[in-house]
Amino acid sequence: MSINLKGKHFLRIRDFKPEEISYLVDHAIDIKKNKTFGFDNTNKKHAVCFFSLSSSRTKSAWEVAAFESGMMNSYNDANSSQLGKKESIYDSAKVFSEFYDVIGWRHTNYEDIAELAKYASIPVINLLCDKNHPTQAICDLVTIKEKFGKIKGVKVAFVGACNNNVARSLIEGLLSLGAEYIGIGPKEEFPSKEEMKFYTDLAKKNGGKVSFTTDVNKLKGVNVIYQDVFLNLGESFDLWPAKLEKYKGYQLTEKTAKLADKNYIYMHCLPAINGSSSAYTKHISKTFGKQFPYVKNGEVEVVSKVFYDTKHSVVYEEAVNRVYAIKAIFSSVIKK
């Protein structure tokens, strides 16, 4: 089947057919393997990205992908653009569509990104919002396929914040390609009935499976353990006590990790609070270690021995795959 995504926005994984998602994953792997890009670099393109929220890996991946494609990139942080503030999204869409070939936006509100896409005549790429993180999902699927040679039938458990923005995009990608997703976390994290119906229907349609449970013992036999930090990007530091109470019991330890298949891989979208020497990690430990002893060593969602276990952890490979995922998206959706 011929896949043509030219001019298509990249806002949510669910907007793409299974064969299109599979194509993007395979295209990213091919780009990585053969060190190709997909553009004729003599035909110069121009990209622009807006980051209303902070970023390190996504911003870096976007810029590297743009540079290696021969594209000029314009970067705007929260203070250097009027997009959605003094200038309407409609006006910005009309102007930037004339300047650039592709727009990326990391923003708090999905509806605003969707509005930009509605009025833009060039592809808009969602670089993370409150509801999803689709470029992360493509890089995650790339990582899984590289490690197992397939996605269909692979059993993935997301421990902790198992239905946040990162998880939702991953769920949609996995179920579209026939994998199994197990969300393991507190009941408050479980999807609504409407959302669960969407997941169930998607799984049934494509041969996948989906479930949510509070029981960490459901890690038994899984191929992939996935995590995200307990406090989402943009949320107030004041929420940490409530978050640490909510996710108590869902820190991934050596004991719980051993429940997985002996050849499991550990994935994390980063940044991770894992006992490293970062100032933020030290602050968490000092501020909350007495009240919540499980974080006294600066280990929150995962202990350092699991995170840095070179036999199972693929977090750095996963992060690097973000570049190839964005390259694949660029070369697929940007008009020639």
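Below is a summary of the structure that appears in this document. All figures in this text were calculated on a predicted structure; none of them were measured in a lab.

1. Describing the environment of D261
With respect to the element layout, D261 can be found in the loop between α9 (254-257) and β9 (265-268). Separated by 25 residues in sequence, D261 and K286 place their C-alpha atoms 35 Å apart. Residues in contact with D261, not counting those within four places in the same chain, are G221, V222 and N223. A polar side-chain atom of D261 sits 2.8 Å from the main-chain amide nitrogen of N263.

2. Here's the deal with the pairing of β9
Both faces of β9 are covered, namely the face carrying I265 and M267 and the face carrying Y266 and H268. Here four bridges tie strand β8 (residues 224-227) to β9, and the two strands are oriented parallel to one another. Within the sheet, the bridge partner assigned to I225 lies in β9 and is Y266.

3. Overview of unusual backbone geometry
Between L270 and the following residue, P271, the backbone shows a cis peptide bond with an omega angle of 0 degrees. Within the secondary structure, P271 is located in the loop between β9 and α10 (279-288). With a phi close to 125 degrees, L128 is a non-glycine residue in the positive phi region. One can find L128 in the loop between β4 (124-126) and α5 (134-148). You can call L128 buried: its relative accessible area is 6%. Positive phi values are uncommon outside glycine, yet L270 reaches one of about 65 degrees. The topology assignment puts L270 in the loop between β9 and α10.

4. Topic: the packing of aromatic side chains
According to the stated counting rule, one finds 20 aromatic pairs in the structure shown. An angle of 50 degrees between the planes, with centres 6.5 Å apart, marks the rings of F158 and Y181 as tilted. Taken together, the residues F158 in strand β5 (residues 155-159) and Y181 in strand β6 (residues 180-184) connect sequence positions 23 residues apart. We classify F158 as buried; its relative accessible area is 0%.

5. Regarding the side chain of T213
For T213, the location among the structural elements is in strand β7 (residues 209-213). A polar contact is formed between the side chain of T213 and the backbone nitrogen of D215, at a distance of 3.0 Å. Other than its neighbours up to four places away in sequence, T213 contacts I182, G183, I184, G185, F190 and K218.

6. Regarding the side chain of S81
Within the secondary structure layout, S81 lies in the loop between β2 (72-76) and α3 (89-99). Looking at S81, the relative accessible area reads 11%, which means it is buried. Separated by 3.0 Å, the side chain of S81 and the backbone nitrogen of L83 make a polar contact. Ignoring sequence-local partners within four residues, the contact set of S81 consists of F50 and N76.

Conventions we followed
- Residues numbered from 1 in each chain as written.
- Predicted model: local features only at pLDDT ≥ 70, side-chain atom pairs only at ≥ 80, totals over all residues.
- Heavy atoms only, no water.
- Helix = DSSP H or I, 4+ residues; strand = E, 2+ residues; numbered from the N terminus.
- Contact = heavy atoms within 4.5 Å.
- Polar contact = N/O pair within 3.5 Å; in protein donor to acceptor, adjacent residues only side chain to side chain.
- Buried < 20%, exposed > 50% of the residue type's maximum accessible area, 1.4 Å probe, protein only.
- Pairing = 2+ DSSP bridges.
- Phe/Tyr/Trp six-rings, centres within 6.5 Å; stacked < 30°, edge-to-face > 60°.

These values are about where atoms sit, not about what they do.
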